[in-house]
Amino acid sequence: MGSRASTLLREEEIEEIKKETGFSHSQITRLYSRFTSLDKGENGTLREDQVNFRGFMRTLAHFRPVEDNEKNKNPPTTEPLNSRTNKLLFAFRLYDLDRDDKISRDELLQVLRMMVGVNISDEQLGSIADRTIQEADQNGDNCISFQEFMKVLEKVDVEQKMSIRFLH
Amino acid sequence: MELFFNPFDNLLCILLGISFTVWFTLLLVFIIVPAIFGVSFGIRRLYMKTLLKIFEWATLRIERGAKEKNHHLYKPYSNAIIAREPTSLEEEIKEIRRSGSNKDLDSATEFEMSDIFYFARRGVESIMDDEVTKRFSAEELESWNLLTRSNYNFHYISLRLTVLWGLGLLIRYGFLLPLRVTLAFTGVGLLVFLTSLIGLLPNGRMKNFLSEKVHLMCYRICVRALTAIITYHDSENKPKNGGICVANHTSPIDVIILASDGCYAMVGQIHGGLMGVIQRSMVKACPHVWFERSEVKDRHLVAKRLSDHVQDKSKLPILIFPEGTCINNTSVMMFKKGSFDIGATVYPVAIKYDPRFGDAFWNSSKFGMVNYLLHMMSSWAIVCSVWYLPPMSREEGEDAVQFANRVKAAIARKGGLVDLLWDGGLKREKVKDTFKEEQQKLYSKMLVGTQEDRSRS
């Protein structure tokens with residue numbers, strides 16, 4: 001039956017999330033409704049990794065368009081979650097599986113394997129990974145740090161490609 | 001032991017007696033007798049019009065109240081939350097790469113670290129909003145219909161509104177619910193009793209005639225038990241013997257709605273309990289197709305029994321819901337091809353409920369059957385439209401799946417529903433891996449394809 005979403009989310013919480021993520025009031029209530037419909041176990045968290053609603057919103061906030069920040073009346077004091085750097089950091093963490101701030105050859109291979117499935121052989125994938133690291137690595141440690149990552153992608157239109165347009 | 005009679009007690013008994021008699025007479029005259037003869041006094045339609053006016057007033061009042069108190073109103077997300085561009089994997093990744101490098105695209109590298117942006121964004125888009133998940137929960141309403149279950153802005157707005165809501169609560173639970181429960185018991189009871197009686201007759205025209213009349217009568221009583229206001233369109237296309245009737249599925253009530261306007265042979269699994277009793281007695285009066293739990297998995301057996309049934313022209317048309325599960329009536333999901341493979345004429349039917357008076361969708365993961373029926377019987381009414389579409393047959397060179405999709409598109413168009421290719425089974429199961437593998441194949445072609453070009457040049 002229709003979810004009584006906004007009654008379960010207190011106004012103070014909505015304000016806090018607004019300050020932290022920059023989403024508007026109506027966007028937060030809609031996404032909360034979405035969160036509850038995905039939360040089949042109804043225990044306030046999503047199954048994998050036990051993500052609660054705050055964590056959910058923090059992740060989604062990375063995908064807010066950058067222009068929306070100008071519309072925001074109270075800009076956050078710290079760097080907003082959807083700044084270019086933070087978007088790049090989000091993408092970097094997708095590759096950096098063990099969170100050691102470096103993308104190793106193994107990690108790159110694992111992610112590549114996830115993206116291509118069984119359609120490419122190990123050798124081919126290995127050579128792709130090697131070439132990518134070779135092009136990006138500047139300090140010779142055979143890993144890609146966040147700085148090197150940013151350098152490789154400095155011309156990419158991250159703001160547009162990592163943004164989702166909201167209708168309200 | 002002395003019994004103490006009080007003149008007041010006596011009076012009370014007399015009053016109770018009178019009110020019960022009046023009650024039952026009214027019931028009989030206004031509800032059961034018309035049900036038997038299939039006529040209507042128009043009371044339900046009047047009721048519907050009155051309710052609509054009240055709902056409009058209630059919604060305006062809420063909006064005004066919210067503005068005064070500066071609350072934010074929750075807007076239902078039946079419309080999309082986000083805007084999605086319909087670009088393909090290849091286009092998007094090429095665009096990302098193009099913006100990131102000055103090199104000519106044909107001699108582009110196979111893999112760029114920026115490729116992951118596409119996947120990340122598409123993934124998060126699907127998390128925020130997708131076409132399928134929202135079909136498995138009740139449709140959200142634009143205006144409030146004085147039921148707590150569909151109110152998302154339940155703050156105290158005004159005295160008048162609360163009083164109205166309280167009055168509505170009283171009427172629904174104090175008057176309508178007992179009335180409907182009585183009717184339901186009457187309807188079901190009569191069905192079981194009369195069909196068992198008819199089962200004693202020898203097979204023949206008399207039996208079929210009586211069985212038809214009895215079934216129609218009992219279903220009409222059940223329709224009134226739900227205060228269902230149904231409008232049938234295009235009745236000239238009603239299913240005939242030897243055909244299969246397919247319809248979109250929203251709730252078990254669909255059966256009652258269709259069966260009160262025509263006679264069908266039902267298809268289903270044999271249940272235990274009350275349902276089983278009903279099934280066993282119904283089959284005495286006319287042939288339905290009930291399967292044992294074990295037989296349901298055997299597709300060939302099912303197909304054989306169905307095709308045997310349709311080939312016998314004296315038997316009633318079969319009623320089937322090819323989606324296989326209840327969908328929330330905003331869309332039509334994948335039709336299972338089994339019933340389209342038999343080679344019989346298909347009579348499609350579109351059923352569209354009006355959710356303002358009571359949402360008929362059965363969310364089986366949230367509510368059990370009894371809970372659901374109670375919800376149904378304590379709503380204002382169930383209002384729906386039924387369209388009988390012209391019959392369709394499988395054309396030359398069309399396989400069962402294409403035929404099923406063609407029928408589905410016709411039903412979706414007539415009922416104003418979204419036509420989806422997704423399987424309704426996704427309500428309970430995870431998506432098949434083949435979808436992921438498809439995307440992986442597409443992406444791999446981008447990586448490896450360029451390598452082949454390079455080796456050629």
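Residues numbered from 1 in each chain as written. Chains lettered and ligands numbered in written order. Predicted model: local features only at pLDDT ≥ 70, side-chain atom pairs only at ≥ 80, totals over all residues. Heavy atoms only, no water.

Taking an unreviewed UniProt entry as the reference, chain B is identified by name as Glycerol-3-phosphate acyltransferase 4 belonging to Kryptolebias marmoratus. Database annotation for chain B, UniProt heading Sequence similarities (unreviewed entry): "Belongs to the 1-acyl-sn-glycerol-3-phosphate acyltransferase family." Recorded in UniProt under Subcellular location (unreviewed entry), the annotation for chain B is "Membrane". (UniProt positions renumbered as here; feature names shortened; annotations may be inferred.)

An unreviewed UniProt entry annotates chain A as Calcineurin-like EF-hand protein 1 of Kryptolebias marmoratus. Of the comments in the UniProt record for chain A, the one headed Sequence similarities (unreviewed entry) reads "Belongs to the calcineurin regulatory subunit family. CHP subfamily."

What to know about the overall build of chain A
Assigned secondary structure in chain A consists of ten helices and five strands. When burial is assessed residue by residue, chain A has 46% of its 168 residues classed as buried. Sequence separation of at least 24 residues holds for 51% of the intrachain contacts in chain A that already meet a minimum separation of 6. When the accessible surface of chain A is totalled, it reaches about 8900 Å², and 49% of it is carbon and sulfur. (Helix = DSSP H or I, 4+ residues; strand = E, 2+ residues; numbered from the N terminus. Buried < 20%, exposed > 50% of the residue type's maximum accessible area, 1.4 Å probe, protein only. Contact = heavy atoms within 4.5 Å. Areas by Shrake-Rupley, 256 points an atom, 1.4 Å probe, with all protein chains shown as cover.)

Overview of the UniProt feature "domain: EF-hand" (unreviewed entry) in chain A
Residue and element names in this part refer to chain A. Sequence positions flagged by UniProt for "domain: EF-hand" (unreviewed entry) are, in local numbering, residues 83–118 and 124–159. Helix makes up 67% of residues 83–118 and strand makes up 6%, while its end C-alpha atoms are separated by 35 Å. Annotated as residues 124–159, this span is 61% helix and 6% strand, and its ends, taken at the C-alpha atoms, are 32 Å apart.

Details of the nonpolar core
Within the largest apolar cluster, 59 residues are counted, with the highest numbers of intra-cluster contacts made by A:Phe53, A:Tyr95, A:Leu108, A:Phe149, B:Phe111 and B:Phe117. When residues of this core are assigned to their parent elements, the largest contribution, six residues, is made by helix H4 (residues 115–128) of chain B. Each of domain 1 (2–61) and domain 2 (84–159) of chain A gives at least three residues to this core. In contact with B:Phe111, not counting residues within four places along its chain, are A:Tyr95, A:Leu108, A:Leu112, A:Met115, A:Ile128, A:Arg131, A:Thr132, B:Arg97, B:Tyr443 and B:Leu447. Within the second largest apolar cluster, 54 residues are counted, among which are B:Ile230, B:Ala247, B:Trp362 and B:Met376. (Core = buried A, V, L, I, M, F, W, Y, C linked by side-chain atoms within 4.5 Å. Domains from an automatic or database assignment.)

A look at the UniProt feature "transmembrane region" (unreviewed entry) in chain B
Here the UniProt feature "transmembrane region" (unreviewed entry) sits at residues 20–43, 157–175 and 181–201 of chain B. Split by type, residues 181–201 of chain B is 90% helix and 0% strand. Its first and last C-alpha atoms lie 31 Å apart.

Some details on the UniProt feature "domain: Phospholipid/glycerol acyltransferase" (unreviewed entry) in chain B
Under the UniProt annotation, "domain: Phospholipid/glycerol acyltransferase" (unreviewed entry) lies at residues 243–354 of chain B. Counting secondary structure, residues 243–354 of chain B comes out at 29% helix and 25% strand; the distance between its end C-alpha atoms is 28 Å.

Side note on the packing of aromatic side chains
Scanning all chains against the criterion turns up 20 aromatic pairs over all chains. With 6.2 Å between their ring centres and 15° between their planes, B:Tyr232 and B:Tyr388 make a pair best called stacked. Taken together, the residues B:Tyr232 in strand E2 (residues 228–233) and B:Tyr388 in strand E9 (residues 382–388) connect sequence positions 156 residues apart. Feature note: the residues A:Tyr32, A:Phe35, A:Phe53 and A:Phe56 constitute an aromatic cluster, connected by ring pairs. (Phe/Tyr/Trp six-rings, centres within 6.5 Å; stacked < 30°, edge-to-face > 60°.)

Looking at the confidence of the model for chain A
Of the residues in chain A, 83% reach a pLDDT of 70 or more, and the chain-wide mean stands at 81. In the model, residues 1–7 of chain A has pLDDT below 50 throughout and makes 22 contacts with residues more than four positions away in sequence or in other chains. (pLDDT = per-residue confidence, 0-100.)

Examining the packing of helix H7 (residues 105–116) of chain A against helix H8 (residues 122–136) of chain A
Residue and element names in this part refer to chain A. Relative orientation of the contacting elements H7 and H8 amounts to 125°, with a least axis distance of 10 Å. By the angle between their directions, the pair H7 and H8 is classed as oblique. Considering how the two elements wind past one another, H7 and H8 form a crossing that is right-handed. Listed contacts from H8 to Arg105, Leu108, Leu109, Leu112, Arg113 and Val116 of H7 are Asp122, Leu125, Gly126, Ile128, Ala129, Asp130, Thr132 and Ile133. The residue makeup of the contact of H7 with H8, split by class, is eight nonpolar, two polar and four charged. (Axes fitted to C-alpha atoms, helices over the stretch in contact; angles between N-to-C directions. Parallel < 35°, antiparallel > 145°, perpendicular 65-115°, else oblique. Left-handed = near helix turned anticlockwise from the far one by under 90°. Nonpolar A, V, L, I, M, F, W, Y, C, P; charged D, E, K, R; others polar.)

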